[in-house]
Amino acid sequence: MSQAVTRSAVAGSAGLLASLDPLLREWLPRQRWFAGKGRPVTGFSLVAATELLPPNGKLGLYHLLVRAHQPLAPVQGTVPHPGDCYQLLIGVREALPPRLAPALIGHVHEGPFAGRTVYDALYDPRPAEVILEALRTRARIGVLRFERRDEIRADLVPRVVTAEQSNSSVVYGDTFILKLLRRVLPGTNPDLELPLALAREGCPRVPPPTAWILAEPDDGAEDSYVLGVLQPFVQGASDGWELALRELAKGEDFSAEARALGRATAEVHTALARALPTVTLAHLQLQSLVDGMTERLEAAAQAVPALRPYAPGLHSAFEALADLAAEGHTWTAQRIHGDLHLGQCLRSASGEWSLIDFEGEPAKPLAERRMAQPVVRDVAGMLRSFDYAAHSAGGPPAEEWAAACRAAYCSGYAEVSGHDPRTDPVLLRAYETDKAIYEVLYEARHRPDWLPVPLAAVRRLSGTGPA
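All of these numbers come straight from a predicted model, not from anything done at the bench.

1. Quick notes on the overall build of the chain
Right, so step 1: Counting its regular elements, the chain contains 13 helices and 18 strands.
Right, so step 2: Relative to the 2.2 N^0.38 estimate, which gives 23 Å for 467 residues, the radius of gyration of the chain is 23 Å and therefore close to what a compact globule would have.
Right, so step 3: A principal-axis box enclosing the C-alpha atoms of the chain has dimensions of 70 × 50 × 45 Å.
Right, so step 4: Within the span of the chain, comprising 467 residues, buried residues form 52% of the whole.

As structure tokens, then:
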């Protein structure tokens, strides 16, 4: 590795952050992956700064872990936290070429970068090459550790993936895809943990991690931060959501694909149950689970008036589950995907389905995302996703299409697992209800025009609409 890449000490880190502060306050909240939207950024603190390319050349490159401080929404009983930590890859140039205009952060007026331009370096091929080279050579650079399981070629051309949400991705020569987590936390991240466990089981439905990036900053945290994961790129793959919408728009039946996706989901669940411990949920555990669902319903009904007429019927879904638990019924819980929907699935050119993005719901704590849960939670997420697709193609909702997909998915799941989720209707209804309530709250806050989609499910699940 070149001398430039092995540099790590960042002189004047405090001055560096101070000079970037006014630019980051404007730029960071505009990013799709910024988690604190709607609250002002009051300041930043530096968790770690690592120099990857020195600034005295044409291009400087810095890896920053920055904590953004924001006022917390006043919620009774919450404990203030120090702010979300974000991973930034900052490029430094005299001026940006036009091709990098979308990556502009701003022009620095003071501090070590005074008179220069800083930008999101992931959009620039050279910094992306530096990251891949560090992974290829298992580099140790400052607090950063680059690990790999398999060989990586050195001549792969990078390109940034622009259609991202909560993270950022770079594809290297149609061979690998690097997912860089933007909001990072110390601890075992399921986005690395679960694919590694599935790789050890030989499960072909999840691309195995080739390499990953960790950080071990001196910030008092006992655990490393997982910063990114490099996996094989599934060439010619179709995103499950886009594929479903295309087929629906053409009036094509999607039930065969839904059945195959059900089989793939069951294969992943079966492999996870072999790889990691399972637990039995008895009365006390189920009551705690039901209490959580009930609290989410009450909070959502308070926030979204349109939900209130259905609240009693929705409560009955959770009460029925609590009654079964009180009668002595038990359920098995295990590690699951945690945020499964059509957009988390890829169909290869040969027709095989893969599941991706095992991070779970990013807003939830890592410990909660790593808890064992009934597999029906993943199933419910996918069933809701078919419902969303049926309402998203334009025109009247394709209710029959969604019903066929939902049935086919459950049948495919049963073919592999030996258990059809529909044979446990109380548990399935409770998890679908919990998911629909979450959707109502999300749409009311972020996409009010979409609110009728989960409300239609709420009517059905509450017993006041068509079954």
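2. What about the state of the cysteines?
Right, so step 1: Evaluated as defined, the whole model comprises 0 disulfides.
Right, so step 2: For the unlinked cysteine Cys405, the closest cysteine sulfur is that of Cys410, found at 11 Å.
Right, so step 3: Taking relative accessible area as the criterion, Cys410 reaches 2% and is therefore assigned buried.

3. Observations concerning the sheet that holds strand 18 (residues 353-355)
Right, so step 1: The antiparallel open sheet is built from 3 strands, whose spatial order is 14-17-18. For this open sheet the edge positions go to strand 14 (238-239) and strand 18, each flanked by a neighbour on one side alone.
Right, so step 2: Across the face of the sheet, helix 6 (residues 255-275) comes into contact with strand 17 (345-347) and strand 18 while running at roughly 45° to strand 18.

4. Describing unusual backbone geometry
Right, so step 1: Even without being a glycine, Asp174 presents a positive backbone phi close to 60°.
Right, so step 2: Here Asp174 lies in the loop between strand 9 (167-172) and strand 10 (176-181).
Right, so step 3: A positive phi angle, near 60°, is found at Asp357, a position not held by glycine.
Right, so step 4: Looking at the element boundaries, Asp357 is found in the loop between strand 18 and helix 9 (366-369).

5. Some thoughts on the packing of aromatic side chains
Right, so step 1: According to the stated counting rule, one finds 8 aromatic pairs in the structure shown.
Right, so step 2: Look at Trp33 and Tyr86: their rings are 6.0 Å apart centre to centre, the planes differ by 45°, and that puts the pair in the tilted class. Of this pair, Trp33 sits in the loop between helix 2 (13-27) and strand 1 (43-53) while Tyr86 sits in strand 3 (residues 84-93); the two residues are 53 residues apart in sequence, bridging distant segments of the chain. This pair shows no difference in class: Trp33 is buried, exactly as Tyr86 is.
Right, so step 3: Among the aromatic residues, ring-to-ring pairing joins Trp27, Trp33, Phe34 and Tyr86 into one connected group.
Right, so step 4: If you follow Arg447 out to its NZ or CZ, it ends over the ring of Trp450, 4.2 Å from the centre.

6. Considering the packing of helix 5 (residues 240-249) against helix 10 (residues 376-390)
Right, so step 1: Here helix 5 crosses helix 10 at 45°, and the two axes come no closer than 10 Å. Compared by their axis directions, helix 5 and helix 10 come out oblique. With respect to the hand of their crossing, helix 5 and helix 10 are arranged in right-handed fashion. Every residue of helix 10 that contacts helix 5 at Trp241, Leu245 and Leu248 is listed here: Ser385, Tyr388, Ala389 and Ala390.
Right, so step 2: Within the contact of helix 5 with helix 10, the residues separate by chemical class into 6 nonpolar, 1 polar and no charged.

7. Some points on the pairing of strand 12 (residues 211-215)
Along a regular strand, successive side chains alternate from one face of the sheet to the other.
Right, so step 1: Most of strand 12 is tucked away, with 5 of its 5 residues classed as buried.
Right, so step 2: Note that strand 7 (residues 144-148) and strand 12 share 5 bridges and pair antiparallel. The residue of strand 12 that forms the bridge with Leu144 is Ala215.
Right, so step 3: In this structure, strand 12 lies alongside strand 13 (residues 225-232), joined through 5 bridges in antiparallel fashion. Counterpart to Leu214 in the pairing with strand 13 is Val226.

8. Side note on the nonpolar core
Where a protein is soluble and globular, its nonpolar side chains tend to be buried together.
Right, so step 1: Leu307, Leu355, Trp401 and Tyr409 are the most contacted members of the largest nonpolar core, which totals 73 residues.
Right, so step 2: Of all hydrophobic cores here, the second largest spans 45 residues; its members include Leu100, Ala103, Leu196 and Ala215.

9. Let's talk about the sheet that holds strand 6 (residues 140-141)
Right, so step 1: Spatial strand order, 6-7-12-13-10-9-8: 7 strands in an open sheet with antiparallel pairing. Two strands close off the open sheet at either side, each with one partner strand: strand 6 and strand 8 (158-161).
Right, so step 2: Of the strand pairs in this sheet, strand 8 and strand 9 are connected by 4 bridges, and their pairing is antiparallel. Bridge pairing in strand 9 places Val161 opposite Ser169.
Right, so step 3: Each of strand 6, strand 7, strand 8, strand 9, strand 10, strand 12 and strand 13 is contacted by helix 3 (residues 125-136), which is oriented at about 65° to strand 7, the strand it contacts most.

About the cut-offs
Residues numbered from 1 in each chain as written. Predicted model: local features only at pLDDT ≥ 70, side-chain atom pairs only at ≥ 80, totals over all residues. Heavy atoms only, no water. Helix = DSSP H or I, 4+ residues; strand = E, 2+ residues; numbered from the N terminus. Rg over C-alpha atoms; globule rule 2.2 N^0.38 Å. Buried < 20%, exposed > 50% of the residue type's maximum accessible area, 1.4 Å probe, protein only. Disulfide = S-S within 2.5 Å. Pairing = 2+ DSSP bridges. Contact = heavy atoms within 4.5 Å. Axes fitted to C-alpha atoms, helices over the stretch in contact; angles between N-to-C directions. Phe/Tyr/Trp six-rings, centres within 6.5 Å; stacked < 30°, edge-to-face > 60°. Lys NZ or Arg CZ within 6 Å of the ring centre and 35° of its normal. Parallel < 35°, antiparallel > 145°, perpendicular 65-115°, else oblique. Left-handed = near helix turned anticlockwise from the far one by under 90°. Nonpolar A, V, L, I, M, F, W, Y, C, P; charged D, E, K, R; others polar. Core = buried A, V, L, I, M, F, W, Y, C linked by side-chain atoms within 4.5 Å.

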